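# Architecture and fold: a report
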Amino acid sequence: MADLELVERLYRTMSLIRRFETAAGRLLADGELAGFLHLSIGQEAVAAGVCDVLGRQDHITTTHRGHGHCVAKGARVEAMFAEIFGSAEGYCGGRSGSMHVADPDVGILGANAIVGACVPIALGGALSASMLGGRKVSVAFFGEGAVAEGVVHESLNLAALWQLPMIFVCENNGYAEMTPVGVHLRATNVADYAAPHRIPAETLDGNDVLAVRAAAEKAVARAREGGGPALLECRTYRWHGHFEGDAQRYRDKSEVEAWRERDPLTVLAARAEESGLPTDSLKVIDEECADKIALAVEWARDQLPARAEALTAHVYRDRTGA
Ligand SMILES: Cc1ncc(C[n+]2csc(CCOP(=O)(O)OP(=O)(O)O)c2C)c(N)n1
């Protein structure tokens, strides 16, 4: 069993993500936010486990469901809330909403709402790391809904061919929007797609943060030493709908309940307790995270909204004025 320091750190990351997303969901329900919100509540162990073995300068990319990955990689929660509020102080100056957080200072090359598109972007990070000769690795977090996209297969091929320091992390939560995985993929394991490329791959319990961390540690260490890419398929589940407001007619309540029983935060707390580690500290962590998120929301709510003129900044126009 892991030491208390590690348990506390992983728990803190998951608790912060949980509280960030719970607050965001509430703000939307209360009419304080506009736009789509895709929550990853229930999936926190993947973000926390993988990002725990990454350094600040390692790269990640993520999807429309990327709050957790950005929080775990060290994005400022204040700036994330400001972005969701449409404020000029947000990560993209309030232009993008929740699906496009990027913070190159902490290695976040961007969340991306185009399914699959985050994968070749992370591949570019891995290619640059390889050409520059450093020890950086690049991680793409993507859903199983991205697996049928051509760019994912091209990226697997190139990462294998050039032995790039790239980790493919598929968060298999069983549904692509409203479509169960068995309806859009013939393969039963996403990990099997790595085999023809001779990329090492594992299918893991994505709700067990220690298992995710252990697999990521091995894969990242190998990639740093020039051993090439790896694919981790993390089996997990989103408690909420595809987006907030989704009526969820495509799945049974009992299925959701069964997965809620396997809450990644309580799974970790139970394992810590079984090993005789005092778990009172985890409650303190929950309170600290709740305070941090409350302060971040308060701060973000007070920032000025983005100005309408800012909309056309960074928009390309050629010299003919076309
Ligand atoms: C290229 C592309 N096709 C379709 C969509 C519409 N779309 C948005 S999310 C989604 C499903 C994504 O499922 P998955 O990759 O498993 O991620 P999850 O939502 O489960 O986290 C689809 C089809 C899109 N955004 N981009």
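Placed above this text is the structure.
One structure accompanies this document, and this report is about it.

Calculation notes
- Residues numbered from 1 in each chain as written.
- Predicted model: local features only at pLDDT ≥ 70, side-chain atom pairs only at ≥ 80, totals over all residues.
- Heavy atoms only, no water.
- Helix = DSSP H or I, 4+ residues; strand = E, 2+ residues; numbered from the N terminus.
- Buried < 20%, exposed > 50% of the residue type's maximum accessible area, 1.4 Å probe, protein only.
- Contact = heavy atoms within 4.5 Å.
- Salt bridge = Lys/Arg side-chain N within 4 Å of Asp/Glu carboxyl O.
- Pairing = 2+ DSSP bridges.
- Axes fitted to C-alpha atoms, helices over the stretch in contact; angles between N-to-C directions.

With that settled, the discussion passes to the side chain of Ser87. Its location among the elements puts Ser87 in the loop between helix 4 (77-85) and strand 2 (108-111). According to the relative accessible area criterion, Ser87 is buried, its value standing at 1%. Apart from the residues within four sequence positions on either side, Ser87 is in contact with Ala82, Gly93, Gly94, Gln303, Leu304, Pro305 and Ala306.

Side chains that carry opposite charge are capable of pairing whenever their charged atoms lie near each other. As enumerated under the stated definition, the model contains 16 salt bridges in all. Note that Arg12 is salt-bridged to Glu288, the shortest N-O span being 2.9 Å. Pair noted here: Arg12 is in helix 1 (residues 4-29) and Glu288 is in helix 11 (residues 280-301), with a separation of 276 residues, a long-range link. Look at Arg12 and you get partly exposed, because its relative accessible area is 36%. Note on Glu288: relative accessible area 38%, which makes it partly exposed. A salt bridge links Arg224 to Asp58, with the nearest nitrogen and oxygen atoms 2.6 Å apart. Separated by 166 residues along the polypeptide, Arg224 in helix 8 (residues 209-224) and Asp58 in the loop between helix 2 (44-51) and strand 1 (59-62) bring together distant segments of the chain. Exposure remark for Asp58: the relative accessible area of 4% places this residue in the buried category. When salt bridges with common partners are traced through the structure, they connect Arg9, Asp52, Arg213 and Glu217 into a single cluster.

In this section: the sheet that holds strand 1. The parallel open sheet is built from six strands, whose spatial order is 2-1-3-4-8-7. At either margin of the open sheet sits one strand with a lone partner, and together these are strand 2 and strand 7 (201-205). Strand-to-strand twist across the sheet, computed as the mean angle between neighbouring axes with direction ignored, equals 15 degrees. Running over the sheet, helix 2 touches strand 3 (138-143), strand 4 (166-172) and strand 8 (230-235) and is turned about 170 degrees from strand 3.

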